[in-house]
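# Report on the structure
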Amino acid sequence: MKNFINDIPKAELHLHIEGTLEPELMFKLATKNNIKLNYKTIEDIKKAYNFTNLQSFLDIYYSGAKVLINEEDFYDLTFDYLKKCKQNNIIHTEIFFDPQTHTARGIKFETVINGISKALEDAKNEFSISSKLIMCFLRHLSEEEAFDTLKEAIKFKDKIIGIGLDSSEIGNPPSKFKNVFSKAKNLGFKLVAHAGEEAGFEYINDALDLLNVDRIDHGVQAINNNKLMQRLKDNQIALTVCPLSNTKLKVFEDMKEHNIKQMLEYGLNVTVNSDDPSYFGGYLNDNFHAISNNLNLSKENIIKLVKNSFNSSFISNEQKAKFINIVDEFIKNN
Ligand code: HPA
Ligand code: ZN
């Protein structure tokens, strides 16, 4: 099973590029850009990654992102993640980026997107990795600030497939971003939102009803409402679940308590993702191993999870069929 998980071609749909910043690159960029870090050693950094909830993580995540200054820094960050994709046999990835984390520090929107995009282009040529970019609004900021960010994104519309919503969930409901999501939909963007990660299942209904999202990021709180479970099943709405993130942020105390297998067996369209792998202790294969070992997943479970990701991605039907064919060929031989 271990080799099967490692080797099967996969897609990833929930990955924050700022959450792939490894301590080594953080130190390197801090030195290069003359940024003072709160840590003296890599061990100090790793010790700080001891989270109690989402906010305790976000504070450290935003502070780490301060080392990213120039276009080449965003390039290096992104290219390092794409090398991990290669190692994890990820052949398609849909990457979140948080421009407001950077523009608030005086970094230009184009510095961020050009650095990321050049790395995506190079990885496509060097590793044949297919990718899309999703721009997230920070939900602890105002809807007006989200509108300003959307305006910037329009200039780079050819590089951005969708719009998402992340950061502090509790107290920042989907309703706060109703108008800006409606504008984004009219502009032709795909839509996603983090919902039901640590706030209640109501946020999932609201993300569907008020924001019109195409996928739900996390969504694990759906289990607390039968009517919503039925709705997600009937409409096969994709949930981008992140197991290691959920245990690190204490959404579940232990991986053995994670509900991904229960949701899968109920018939929901669940997928496996790494969220912020540098902070949560593992990339995509590590997430698959963690659930496989703790929840006793079958090979069929793994195949279903992998196919769900390709089928729920924002690529053409033709491209989806091509990827599913690659997965089927792998299964035939393994
Ligand atoms: N939830 C909300 N915001 C985030 C996350 C997350 O898991 N990761 C990065 N920003
Ligand atoms: Zn996330």
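Here is a short report on the structure shown in this document. (Residues numbered from 1 in each chain as written. Chains lettered and ligands numbered in written order. Predicted model: local features only at pLDDT ≥ 70, side-chain atom pairs only at ≥ 80, totals over all residues. Heavy atoms only, no water.)

## Here we look at the overall build of the protein chain
Using the following cut-off: Secondary structure elements follow DSSP: runs of H or I of four or more residues count as helices, runs of E of two or more count as strands, with numbering from the N terminus. When we talk radius of gyration, it's over C-alpha atoms, and the globule rule is simply 2.2 Å times the number of residues to the 0.38. Throughout, exposure labels follow a simple rule: accessible area from a 1.4 Å probe, protein chains only, divided by the maximum for the residue type, with under 20% read as buried, over 50% as exposed, and the rest as partly exposed. Note on definitions: a residue-residue contact is assigned when non-hydrogen atoms from the two residues lie within 4.5 Å. The Shrake-Rupley method, run with a 1.4 Å probe, gives the accessible areas here. Residue values count only the displayed protein chains as cover. In this tally, Asp and Glu contribute negative charge and Lys and Arg positive charge; neither His nor the terminal groups of the chain are included. Charge placement uses NZ in Lys and CZ in Arg. For Asp and Glu, CG and CD serve respectively.
Within the protein chain one finds 17 helices and eight strands. What you see for the protein chain is a C-alpha radius of gyration of 19 Å, in line with the 20 Å of a compact globule of 334 residues. By its C-alpha atoms, the protein chain is 50 × 40 × 40 Å across when sized along the principal axes. Taken across its 334 residues, the protein chain has 58% of its residues classed as buried. Considering only intrachain contacts with a sequence separation of at least 6, the fraction spanning at least 24 residues in the protein chain is 76%. When the accessible surface of the protein chain is split by element, carbon and sulfur atoms take 45% of a total near 13,900 Å². Between the centroid of the 41 positive side chains of the protein chain and the centroid of its 46 negative side chains there is a distance of 2 Å.

## What about the packing of helix α2 (residues 23-33) against helix α5 (residues 71-87)?
Threshold: The axes are straight lines fitted to the C-alpha atoms, using for helices just the contacting stretch, and the angles between their N-to-C directions are given from 0 to 180°. Should an angle fall under 35 degrees it is taken as roughly parallel, and over 145 as roughly antiparallel, whereas 65 to 115 is taken as roughly perpendicular and any remaining angle as oblique. Gly falls in the polar group here, along with every residue not listed as nonpolar (Ala, Val, Leu, Ile, Met, Phe, Trp, Tyr, Cys, Pro) or charged (Asp, Glu, Lys, Arg).
It is the contact of α2 with α5, at a shortest axis distance of 12 Å, that shows an interaxial angle of 170°. It follows that α2 is roughly antiparallel to α5 by the angle criterion. Listed contacts from α5 to L25, L29, K32 and N33 of α2 are E72, D73, D76, L77 and D80. Across the contact of α2 with α5, the residue classes tally to three nonpolar, one polar and five charged.

## Notes on the pattern of salt bridges
Rule in force here: Counted as salt bridges are all cases of a side-chain nitrogen of Lys or Arg within 4 Å of a carboxyl oxygen of Asp or Glu.
Throughout the structure, instances matching the rule amount to nine salt bridges. Measuring nitrogen to oxygen at the nearest pair gives 2.9 Å for the salt bridge that ties R215 to E94. Highlighted residues: R215 in strand β6 (residues 215-218) and E94 in strand β2 (residues 90-97), separated in sequence by 121 residues. The burial state of R215 is the same as that of E94; both residues are buried. A salt bridge links K332 to E329; the shortest N-O distance between them is 3.0 Å. Separated by three residues within a single helix, K332 and E329 lie in helix α17 (residues 317-332), roughly one turn from each other. The exposure class assigned to E329 is partly exposed, which follows from its relative accessible area of 38%.

## Some details on the coordination of the zinc ion (ligand 2)
Test applied: Counted as donors are the N, O and S atoms within 2.8 Å of the metal, or 3.2 Å for Na, K and Ca, while water is not among the atoms, so some sites may look incomplete. Geometry is assigned from donor-metal-donor angles: four donors are tetrahedral when every angle falls between 85 and 135 degrees, four are square planar and six octahedral when opposite donors sit over 155 degrees apart with all other angles between 65 and 115, and any other arrangement is irregular.
In this structure, H14 (NE2), H16 (NE2), H194 (NE2) and D275 (OD) serve as the protein donors to the zinc ion (ligand 2), at separations of 2.1 to 2.2 Å. Geometry at the zinc ion (ligand 2) is irregular, judged from its four donor atoms and the angles of 83 to 174° they form at the metal. Motif for the zinc ion (ligand 2), donor spacing along one chain: H-x1-H-x177-H-x80-D. One end of the pair, H14, is in strand β1 (residues 10-16); the other, D275, is in the loop between β8 (269-272) and α14 (277-280), with 261 residues separating them in the sequence. The same class applies to H14 as to D275, namely buried.

## Considering the site of ligand 1
Condition: Nearness is defined per residue: one heavy atom within 4 Å of the molecule or strand is enough. Any pair of N or O atoms that falls within 3.5 Å is considered a polar contact. Within protein, one atom must be able to donate a hydrogen and the other to accept it, and sequence-neighbouring residues count only if both atoms are side-chain atoms.
By nearness alone, every residue bordering ligand 1 is listed as H16, L54, F57, L58, Y61, D166, S167, H194, E197, H218, D275 and D276. Within the backbone of S167, an N or O atom sits 2.8 Å from a nitrogen atom of ligand 1. Measuring from an oxygen atom of ligand 1, one finds a side-chain N or O atom of H218 at 3.1 Å. Burial of ligand 1 by the protein chains amounts to 100% of its free accessible area of 260 Å².

Read these as layout, nothing more, since geometry by itself doesn't imply function.
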